[in-house]
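So you can see what is in the structure, the chains are spelled out below.
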Amino acid sequence: MSKTTTTTVDSIAVDDLASQLDLLRWVEDQLAGLKKFRAELHRTFKLRLGDIEVGTVGGVPVMTYRRALRITLSQRLVRELHPEIVRECEEIAEVRTFLLLDAA
């Protein structure tokens, strides 16, 4: 099995960072697992709290699960009801997205 390498103006070799790449892949895997575990723990406590806002251990408050009102702007509705305002208020910005590709 041979590996094909391509070089373009839009790429740069990072061979010297291969060990850091392996470490980054490991960290990403660990974070994904920890995020799932964290979500499970949050669900456990939220279920226990139910409608109660404060959880205690030994009578001492250790967590809160409070209600709050959040006001949001529906982009979909603004576009439907006032498309001219959307065009006037649009801001276009270039962004860069880092994506770790699957190992070859």
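On a predicted model such as this, the values are computed, not experimentally measured, just so you know.

Draft legend 1. Spatial organisation of the overall build of the protein chain. Looking only at helices and strands, the protein chain has three helices and two strands in total. The N-to-C order of helical and strand elements in the protein chain reads α-β-β-α-α. Computed over C-alpha atoms, the radius of gyration of the protein chain comes to 24 Å, more than 25% over the 13 Å expected from 2.2 N^0.38 for 104 residues, which places it beyond the range of a compact globule. For the protein chain, the spread of C-alpha atoms along the three principal axes comes to 65 × 50 × 25 Å. Accessible surface for the protein chain amounts to roughly 10900 Å². Of this, 58% is attributable to carbon and sulfur atoms. Here the protein chain carries 15 positive and 16 negative side-chain charges, and the mean point of each set is 10 Å from the other.

Draft legend 2. Quick look at the environment of Glu90. Within the secondary structure, Glu90 sits in the segment after helix H3 (83-89). Using a relative accessible area of 44% as the deciding quantity, one classes Glu90 as partly exposed. C-alpha separation for the pair Glu90 and Leu34, spaced 56 residues apart in sequence, amounts to 37 Å.

Draft legend 3. Focus on a nonpolar patch on the surface. The grouping of Leu23, Trp26, Val27, Leu31 and Leu34 at the surface amounts to a nonpolar patch, some 480 Å² of accessible area in total. By the element assignment, Leu31 lies in helix H1 (residues 18-49).

Draft legend 4. Quick look at H1. When the terminal C-alpha atoms of H1 are compared, their 46 Å separation across 32 residues agrees well with the 46 Å that a helix rising 1.5 Å per residue should span. Positive backbone phi, at 55°, marks Gly50, one or two positions downstream of H1.

Draft legend 5. Quick peek at the pattern of salt bridges. Taken as a whole, this structure holds four salt bridges when the rule is applied. The salt bridge involving Arg67 is made with Asp51; its shortest N-O contact spans 3.2 Å. Taken together, the residues span a long stretch of sequence, with Arg67 in the loop between strand S2 (60-64) and helix H2 (75-81) and Asp51 in the loop between H1 and strand S1 (54-57) at a distance of 16 residues. Neither residue differs from the other here; Arg67 and Asp51 are each classed as exposed. Of the charged contacts in the structure, one is a salt bridge between Arg66 and Glu53, with a shortest N-O distance of 3.2 Å. On the criterion of sequence distance, the pair formed by Arg66 in the loop between S2 and H2 and Glu53 in the loop between H1 and S1 is long-range, its members being 13 residues apart.

Draft legend 6. Representation of the pairing of S2 within the structure. Taken together, the four bridges between S1 and S2 define a ladder with antiparallel strand orientation. Note on S2: the bridge partner recorded for Val57 is Val60. Hairpin connection of S1 to S2: two residues between the antiparallel strands, including Gly58 at a positive phi of 60°.

Parameters at a glance
Residues numbered from 1 in each chain as written. Predicted model: local features only at pLDDT ≥ 70, side-chain atom pairs only at ≥ 80, totals over all residues. Heavy atoms only, no water. Helix = DSSP H or I, 4+ residues; strand = E, 2+ residues; numbered from the N terminus. Rg over C-alpha atoms; globule rule 2.2 N^0.38 Å. Areas by Shrake-Rupley, 256 points an atom, 1.4 Å probe, with all protein chains shown as cover. Lys, Arg positive; Asp, Glu negative; His and termini not counted. Charge placed at Lys NZ, Arg CZ, Asp CG, Glu CD. Buried < 20%, exposed > 50% of the residue type's maximum accessible area, 1.4 Å probe, protein only. Patch = residues over 30% accessible without salt bridge, like charges linked within 9 Å, V, L, I, M, F, W, Y side chains within 5 Å. Salt bridge = Lys/Arg side-chain N within 4 Å of Asp/Glu carboxyl O. Expected span 1.5 Å × (residues − 1). Pairing = 2+ DSSP bridges.

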